[in-house]
Amino acid sequence: MKRQILIDFRGNRNQTEMAKIYGVSQQLWSRWENGTSTPLPHLMKRLENDIKIPMEEIFFDVFNRENK
C-alpha cells in the first residue's frame, strides 16, 4: 500500500535527498513510501511535524490494521 502523503511531501526531491534529510538510506525511504516498512516513532513524529498531518493519517495502514 503506497503512502501517497509521503510521496506528495517529497515533491520534486528524489528519495536520496529525503533520506539524507531524515538520516536514513534511500532504500529505507523507499520502503516507507511503499508501505513495506515504518519509521521509528521519533521519525514518525518528525514527519508529522514537517508535513503538518497527523502520523495516524500519514501511516494509516499501521495505526488501523487489525490485530490477528
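Residues numbered from 1 in each chain as written. Predicted model: local features only at pLDDT ≥ 70, side-chain atom pairs only at ≥ 80, totals over all residues. Heavy atoms only, no water.

Caption draft 1: Summary view of the side chain of Arg3. In this fold, Arg3 is placed in the segment before α1 (4–10). Judged by relative accessible area, which is 3%, Arg3 ranks as buried. Among the polar contacts made by the side chain of Arg3, one reaches the main-chain carbonyl oxygen of Trp32 at a distance of 2.9 Å. (Helix = DSSP H or I, 4+ residues; strand = E, 2+ residues; numbered from the N terminus. Buried < 20%, exposed > 50% of the residue type's maximum accessible area, 1.4 Å probe, protein only. Polar contact = N/O pair within 3.5 Å; in protein donor to acceptor, adjacent residues only side chain to side chain.)

Caption draft 2: Representation of the packing of helix α2 (residues 15–22) against helix α3 (residues 26–34). Orientation of α2 relative to α3, taken along the N-to-C sense of each, is 100 degrees, at an axis distance of 8 Å. By the angle between their axes, α2 is roughly perpendicular relative to α3. Residue-level inspection shows Gln15, Thr16, Met18, Ala19 and Tyr22 of α2 in contact with α3, the latter providing Gln26, Trp29, Ser30 and Glu33. The class makeup of the residues in the contact of α2 with α3 is four nonpolar, four polar and one charged. (Axes fitted to C-alpha atoms, helices over the stretch in contact; angles between N-to-C directions. Parallel < 35°, antiparallel > 145°, perpendicular 65-115°, else oblique. Contact = heavy atoms within 4.5 Å. Nonpolar A, V, L, I, M, F, W, Y, C, P; charged D, E, K, R; others polar.)

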